[in-house]
Amino acid sequence: MRYDLIVIGGGPAGYLASERAAHAKLNVLCIEKNNVGGVCLNEGCVPTKTLLYSAKLYDGAKHGAKYGIMAQDICFDHKTVVARKNKVIKLLTGGIKSTLKLNGATLISGEATIVGKTDDDCAFKVQCAEEIYEGERLLIATGSSPAIPPITGLKDGLESGFVVTNREILALTEVPEKLVVIGGGVIGLEMASYFNSVGSNVTVIEMLDHIAGENDKKLTAVLQKNYEKKGVIFKLGAKVTAVKEAGVEYELGGETATIPADKVLLSIGRRANTTGIGFETIGVATERGAVVTDAHMRTNVKNVYAAGDVNGKSMLAHTAYREAEVAVNDMLGIDDEMNYGSVPSVIYTNPELASVGLTQDGATAKGIDFKTVELPMRYSGRYLAENEGGDGICRLIVGSDGRILGVQALCNYASEFIIAAGIMVETGMTVEQAKKLIFPHPTVGEIIREAIFQCD
């Protein structure tokens, strides 16, 4: 059977593109080799947030005295938390399947391989199991996998289960007494946050001199300080040299040391899944291990698109959603293109760290003339009411022409209001225009309004 569109991969980019295209009356086939929903739903975004919410409730109950809440003999049942996580995943994956069916898309399970073009050169051939399917268009949405560096003992550790990735750590039914996290990025910090809250002794080893990657360094330093107070140990500027039975060996300041561990989480980043898909049969170009795409999500091959982690541009589920929409719109002849300059990012620690647009370092690197407005979150009445002794910060980056170039916030609820800042960045809104916006009161997001009025 010939389809208007074959989508390879059923993660955020793949399933949303399938829904959108099928809703537009294209005949769509989506092929997913593991579980629909991809890494985000099954092994990343959603399950981690499920765990982190339970940890947040537990933290609140344990440390509620300053709010007048005293709980006796409180305990945490990690197995129940994991069981609930599994239930949430099951409900959401079921919803995706139903939505695909409702829109008329066909979903099949199996590993897809591109095997060439049809004899009439008008469609692409994709094999799954023993079947060959034909598609006039292809969307590659094969996602990414954890990066595995050549560290001595790491491969054996992964095989034995002593070392785990984001997939396996979410399935643990026992809380490790000692957890070493290799990598201080989003996944590493979120899992460090959870396991620290539920009783693990956590050490984070990071090669950079700061945590949280390209986020604002002042805010990441405050976040680090928060977690050091909670007992998390950070080894920054450190290089892991070996994984041993006793723990993780690293070099720091010219000296070598070993941190004992019951489990090791490997979270140093992800790599696009581009091998074994058959790109060579039709000539799809890759660069640094990722599929090359333009602003319309087109590859170098006509009628072949790529969206999500596989293009290596912005490995976030919400980026994948938008890329999928752009790709489908291009297929339908609708004018649209991808803008990566206003993609929000969030680390769901406690407190959360959210950012959109340029940071100070980002603006400086681009040679942009700007000024920074920084306010403590205590300027927000709602924040002050809910955060006794909180040290949250909001930063506003404003260009010399008055345009809002970026916003960063370290506080809970930051993930919910960062979209307001994102709209300002996306639309090129100026400070004077933003002053006319009405924020509901009292909300934590009012901190953006407070910062705007400090720009004069």
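Being a predicted model, the structure only gives us computed values, none of them experimental. (Residues numbered from 1 in each chain as written. Predicted model: local features only at pLDDT ≥ 70, side-chain atom pairs only at ≥ 80, totals over all residues. Heavy atoms only, no water.)

Enquirer: Just to check I follow, could you spell out the overall build of the protein for this structure?
Expert: Summing up its helical and strand segments, the protein has 14 helices and 26 strands in all. The globule rule puts the C-alpha radius of gyration for 456 residues at 23 Å, and the 23 Å found for the protein is close to it. Along the first, second and third principal axes, the C-alpha set of the protein runs to 70 × 60 × 45 Å. Across the 456 residues of the protein, 52% fall into the buried class. Taking all contacts inside the protein whose residues are at least 6 apart in sequence as the whole, residues at least 24 apart take part in 64%. In the structure as shown, the protein presents an accessible area of about 21,300 Å², 50% of it carried by carbon and sulfur atoms. (Helix = DSSP H or I, 4+ residues; strand = E, 2+ residues; numbered from the N terminus. Rg over C-alpha atoms; globule rule 2.2 N^0.38 Å. Buried < 20%, exposed > 50% of the residue type's maximum accessible area, 1.4 Å probe, protein only. Contact = heavy atoms within 4.5 Å. Areas by Shrake-Rupley, 256 points an atom, 1.4 Å probe, with all protein chains shown as cover.)

Enquirer: Would you take a moment to explain the nonpolar core for this structure?
Expert: Most often, soluble globular proteins keep nonpolar side chains buried together rather than apart. Within the largest apolar cluster, 31 residues are counted, with the highest numbers of intra-cluster contacts made by Ile 169, Tyr 194, Phe 195 and Val 202. Only helix 3 (45-62), strand 11 (178-182), helix 7 (186-197), strand 12 (201-206) and helix 8 (217-229) provide two or more residues apiece to this core. Element by element, the count of residues in this core is highest for helix 7, at 5 residues. Apart from residues lying up to four places away in sequence, Tyr 194 is in contact with Leu 51, Leu 52, Ala 55, Phe 76, His 78 and Val 81. Core analysis: the next-biggest nonpolar cluster, separate from the first, contains 30 residues, Ala 354, Val 356, Val 407 and Ala 421 among them. (Core = buried A, V, L, I, M, F, W, Y, C linked by side-chain atoms within 4.5 Å.)

Enquirer: How should the packing of helix 3 against helix 4 (residues 78-103) be read in this particular structure?
Expert: When two helices pack together, their arrangement is given by the angle between the helix axes and by the axis-to-axis distance. Their axes nearest at 9 Å, the elements helix 3 and helix 4 cross at an angle of 140°. Accordingly, the angle class assigned to the pair helix 3 and helix 4 is oblique. Viewed along their axes, helix 3 and helix 4 form a crossing whose handedness is right-handed. Here Val 46, Pro 47, Thr 50, Leu 51 and Ser 54 of helix 3 lie close against helix 4, whose contacting residues are Val 81, Arg 84, Lys 85, Val 88, Ile 89 and Leu 92. (Axes fitted to C-alpha atoms, helices over the stretch in contact; angles between N-to-C directions. Parallel < 35°, antiparallel > 145°, perpendicular 65-115°, else oblique. Left-handed = near helix turned anticlockwise from the far one by under 90°.)

Enquirer: Explanation requested: the environment of Gly 445 in the structure shown.
Expert: Secondary-structure assignment places Gly 445 in the loop between helix 13 (431-434) and helix 14 (446-452). Under the relative-accessibility criterion, Gly 445 is labelled buried at 7%. The sequence separation of Gly 445 and Ala 409 amounts to 36 residues, and the corresponding C-alpha distance is 9.5 Å. Leave out the neighbours within four places in its chain, and Gly 445 touches Phe 417 and Phe 439.

Enquirer: Is there a simple way to think about the sheet that holds strand 21 (residues 304-306) in this case?
Expert: Adjacent strands of a sheet pair through backbone hydrogen bonds, lying either parallel or antiparallel. With parallel pairing, the 5 strands of this open sheet are ordered in space as 4-3-2-8-21. Where the open sheet ends on each side, the last strands, each with one partner, are strand 4 (106-109) and strand 21. Averaged over neighbouring strand pairs, the angle between their axes works out to 20° when direction is ignored. Lying on the sheet, helix 1 (residues 12-23) is in contact with strand 2 (5-8), strand 3 (28-32) and strand 8 (138-140); it crosses strand 3 at an angle near 165°. (Pairing = 2+ DSSP bridges.)

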